[in-house]
Amino acid sequence: MNTVASTRRYRVLSQYPQWWLASLLLTLHGALAWGIDQWWSRALLLAHFGFFLLWQPWWGEERLQPRHVVLVAFGLLFAGWAQWWLVAVWIGVMVALIGGNVPAAGHRRLGPLIAAVYLLTLLLGWVVPHLFAHPESRDALSFFVRYLLPVLPLVIFFVRTNEPSAAPFDLFYSVILFLLVATLVLGSFVVRDLAQTEYPMALAETLMVTAFVLLALGWLWNPHGGFAGLGQMLSRYLVSIALPFEQWMQYLADLAEEERDPEAFLQHGLDHLAQLPWITGVGWTTLHGAGEIGSRSQSDNALAFGNLALTVYTQRQLNPALLLHLKLLLRMLAHFYEAKRREEIQRRNAYTQAIHETGARLTHDVKNLLQSLKLLCGIGIDANGDAANDSARQALFARQLPQITQRLQTTLDKLKAPAAADKAQAPVAAANWWDTMQRRYQGRNVAFAVAGRLDGLMVPGDLFDSATDNLLQNALRKAPPPAGLEVRVKLDAAAGGALTVTDNGAPVPPEVARTLFNGPVPSAAGFGVGLYQAARQAQRLGWRLLLAANEPGNVRFTLERNAGAR
């Protein structure tokens, strides 16, 4: 039963917060409009404080907890010992609370704004005059306060507002509002006593001076005409306490250029930060370990940025401005550290990729050599299994075996120094390479043709070997068309040694052709990286490998020099 009643009560509180705001204003009005010396004024003040607890913007609980007994005691003291100066302070506090809890936009701002206007009018027009030794009583003012001013709280009953605990509460803004209200009240006292004038004139002069000061501060906060303004000066002060932010950024940038290891970079940066006089030590924890610099203290500040956890030990507890500055410095250090970690991961990935590409490339070279050895073994053994002894076969072995030995040596050299393999190999005479290639594919249904004179023409032999072997092996594996498979190799001396391999087999599938030279492709006979590796090697040496034609019966690959390459 208590749970049901509590739920209903909380539903009323959350759905109609304007009722409690209007009720606390009306009860306050009833307690002050006819004086605060009557017994019923005390009762209304106690009721006013109860409605305030229902409306308050700090917590959203539907019932008070034992820790809130201090508030109940204050309410009883406020109702039993109410004085005009205490009421003035209380109204100033309520103006600050309402002002610091006003929604950002929308029609829900109307209720709090009306409440703030009512409280300021009641404070400056009724409560403050009663603080003077001889309050100036006017019948018109009394009639306005007692019978016309309550219209504002009654309007709030019908204006929808946010639940106070659901709206963001700005403590700094509330403090500024309270100080502004205190300035108006105390300024009116000072002007009235110094100028020996009546209170309305003193209040008007105080309002004008306050308005002028606020306008001047507003202009100085964000002026025009080249001056930075108080806002930027305050921001610069907050980010430059004890260590200028520009110097810290310059130090991190210089350190990032000098130090490649992320862990060493982090330690050097924290060493520099620990030299600040108000820092006694720094501890850190990363994915790769932990460390500590300096000594520990009772005041520790734990901060975490991703996988980096930092603990800064200071001589005393940091104030909010210094803590904000410390967080900014450490966040920049964490960003640089994370960039260093990503850079190291990229270097490792590049090294691993180079190993993989080198292994795949050498695998193709070894596979081509193995196919040449199998061809020689097939030629050297006749149908009955006896070794061939005729002079033609011996001459073939004499030509092919030294070439295979040389290519195996070249493959081993690449394995020892893959990065410098392409640069270390000197160009070979195109005529010698062409003669060797014809001998290598003798009797393999490959037609060779040359255009122009090869005298004096030099070509990168390793590149031509790798590209030609891959292109010819791919072409010879194709299913022969009805007219028979024809593979043609042409070397054009007039075009700088451009090499063309053409076959009349099936074209390359479009989905494979799009990525043929940009990455691995599906392959049933290998790793699918042969032409990709050949294209990469050609690019490094100033050549390019491309699919010049891809039609049924006309598939043509071309290896040619890049434009402008010598």
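How each quantity is defined
- Residues numbered from 1 in each chain as written.
- Predicted model: local features only at pLDDT ≥ 70, side-chain atom pairs only at ≥ 80, totals over all residues.
- Heavy atoms only, no water.
- Pairing = 2+ DSSP bridges.
- Helix = DSSP H or I, 4+ residues; strand = E, 2+ residues; numbered from the N terminus.
- Axes fitted to C-alpha atoms, helices over the stretch in contact; angles between N-to-C directions.
- Buried < 20%, exposed > 50% of the residue type's maximum accessible area, 1.4 Å probe, protein only.
- Contact = heavy atoms within 4.5 Å.
- Phe/Tyr/Trp six-rings, centres within 6.5 Å; stacked < 30°, edge-to-face > 60°.

Draft legend 1. Local environment of the sheet that holds strand 1 (residues 279-286). One open sheet holds the four strands; their spatial order is 2-1-4-3, and the pairing between them is antiparallel. In the strand order of this sheet, the two ends are held by strand 2 (289-294) and strand 3 (299-305), each with one partner. The sheet shows a mean angle of 10° between the axes of neighbouring strands, taken without regard to direction.

Draft legend 2. Fine view of the environment of F178. Looking at where F178 falls in the secondary structure, it is placed in helix 9 (residues 171-195). Given the relative accessible area of 29%, F178 is considered partly exposed. Taking the C-alpha atoms as reference points, F178 and V93, 85 residues apart in sequence, are found 6.2 Å from one another. Apart from the residues within four sequence positions on either side, F178 is in contact with V89, G92, V93 and A96.

Draft legend 3. Spotlight on the sheet that holds strand 10 (residues 543-551). The mixed open sheet is built from five strands, whose spatial order is 6-8-9-11-10. In this open sheet, the two strands that pair with only one neighbour each are strand 6 (446-451) and strand 10. Between one strand axis and the next, the sheet turns through 15° on average, direction left out of account. Note: strand 10 against strand 11 (residues 554-561), eight bridges, orientation antiparallel.

Draft legend 4. Inspection of the packing of aromatic side chains at higher detail. This model, assessed by the stated rule, comprises 15 aromatic pairs. Relative to F51, the ring of W20 lies with its centre 6.2 Å away and its plane at 25°, an arrangement referred to as stacked. One end of the pair, W20, is in helix 2 (residues 17-32); the other, F51, is in helix 3 (residues 39-55), with 31 residues separating them in the sequence. We classify W20 as buried; its relative accessible area is 16%. Geometrically, the ring pair formed by F464 and W543 is edge-to-face, given 5.2 Å between the ring centres and 90° between the ring planes. Placement of F464 in helix 18 (residues 461-476) and of W543 in strand 10 is noted, with a sequence separation of 79 residues between them. Looking at F464, the relative accessible area reads 0%, which means it is buried. Three or more aromatic residues link up through ring pairs in this structure, and these residues are W433, W434, F448, F464 and W543.

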